[in-house]
Amino acid sequence: MLIDTHCHINHEDLRLDARAVITRARDFDVRKMLIVGCDYEDSCEAAGMAEDFSQFGLYAAIGIHPHEAKRYTAIPEVFRDIARSNRVIAIGETGLDYHYDHSPRDVQKRMFELHLRLAEELDMPVVLHIRDAMDDAMEILTVHRGLKLLFHCYSGGMQYLNEVIGMGGMCAFGGAVTWDTKGSDELREVVRSIPAENILCETDSPYMAPAPLRGKRNEPSYIRYVYERVAVERGMNLTELSRIVEDNAKRFFGWD
């Protein structure tokens, strides 16, 4: 069984083809998928899709992406109601993105803090988007120890790995681990070094398609390429890795 812990089937590039995309994923043995929200509308759609396609193992995370933080003065109050659904199992994605800076950094930090407080209030895991902002992110997260943290598309390299593991953080690896780039070489070093109990796999579809499909629309059925590369880097077979990721995801998300 394969698991995609971060996908955007609610994205405009996938939503009209959602049933076919989800069915294709099942055909490739993807039995659980987490659909992630990035703003209010997106999060509502993620929650709705998780309900509509629950028989395919879909769950949802709801949150405001740092790119969208400038559009909000607070987290929508309705998120508390949506979070009561059995199919909504995490807060996020939330965090800091200093690579693009689509929202002012002080606004990003404020919204990040609000998400972390909401996760504490609701006792829910958090899906993190941290890009070129690890120092500030770790400073904020230190104040909120005890939360379950998933570093989506982990990009902190070896420099921050021990600190992340010390917080009990999970690191999710996606298509970048299959690419032939300098940054991916360091990412593969992380994959080889990280404790097995901290590993998750994702697609971030429709973004970040793995080799040999890079540049094309990504989708959850392509998660196998990520699993295969992670397995090779860790010197194990696909069955062994899939069992580890399944156990890790169940422990982290608490899903059935």
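Predicted model, so just to flag it, every value in this text is computed and none were measured.

Conventions we followed
Residues numbered from 1 in each chain as written. Predicted model: local features only at pLDDT ≥ 70, side-chain atom pairs only at ≥ 80, totals over all residues. Heavy atoms only, no water. Helix = DSSP H or I, 4+ residues; strand = E, 2+ residues; numbered from the N terminus. Rg over C-alpha atoms; globule rule 2.2 N^0.38 Å. Buried < 20%, exposed > 50% of the residue type's maximum accessible area, 1.4 Å probe, protein only. Contact = heavy atoms within 4.5 Å. Phe/Tyr/Trp six-rings, centres within 6.5 Å; stacked < 30°, edge-to-face > 60°. Expected span 1.5 Å × (residues − 1). Lys, Arg positive; Asp, Glu negative; His and termini not counted. Salt bridge = Lys/Arg side-chain N within 4 Å of Asp/Glu carboxyl O. Polar contact = N/O pair within 3.5 Å; in protein donor to acceptor, adjacent residues only side chain to side chain.

A. Structural context of the overall build of the protein chain. In terms of helices and strands, the protein chain carries nine helices and eight strands. Taking 2.2 N^0.38 as the reference for a compact globule, 256 residues should give roughly 18 Å; the C-alpha atoms of the protein chain span a radius of gyration of 17 Å, in line with that estimate. Taking the principal axes of its C-alpha atoms as reference, the protein chain extends roughly 45 × 40 × 35 Å. Scored against the burial criterion, the 256 residues of the protein chain give a buried share of 58%. For the protein chain, the share of sequence-separated contacts (at least 6 apart) that also reach a separation of at least 24 residues comes to 73%.

B. Structural view of the packing of aromatic side chains. Within the structure shown, the criterion is met by six aromatic pairs. A ring pair is formed by Phe 252 and Phe 253, whose centres lie 4.9 Å apart and whose planes are at 85 degrees; its orientation type is edge-to-face. Classification of Phe 253 by relative accessible area gives buried; the value is 6%. Judged by centre distance (4.8 Å) and plane angle (35 degrees), the rings of Phe 253 and Trp 255 are tilted. When sorted by exposure, Phe 253 lands in the same class as Trp 255, which is buried.

C. Focus on helix H4 (residues 105-122). Taking 1.5 Å of rise per residue, 18 residues should cover 26 Å, and H4 covers 26 Å from first to last C-alpha, within 8% of that figure. Taken as a whole, H4 has its buried residues at Val 107, Gln 108, Met 111, Phe 112, His 115, Leu 116, Leu 118 and Ala 119. Next to the buried residues of H4 lie helix H3 (78-82), strand E4 (88-97), strand E5 (126-131) and helix H5 (134-142). Downstream of H4 by one or two residues, Asp 123 has phi in the positive range, about 55 degrees.

D. A look at the side chain of Lys 32. Mapping Lys 32 onto the fold places it in strand E2 (residues 30-36). Although Lys 32 is buried, it forms no salt bridge, and the closest oppositely charged side chain is Glu 246 at an N-O distance of 6.4 Å. A polar contact is formed between the side chain of Lys 32 and the backbone oxygen of Asp 256, at a distance of 2.9 Å. Excluding residues that lie within four positions of it along the chain, Lys 32 makes contacts with Leu 2, Ile 3, Asp 4, Gly 57, Tyr 59, Trp 255 and Asp 256.

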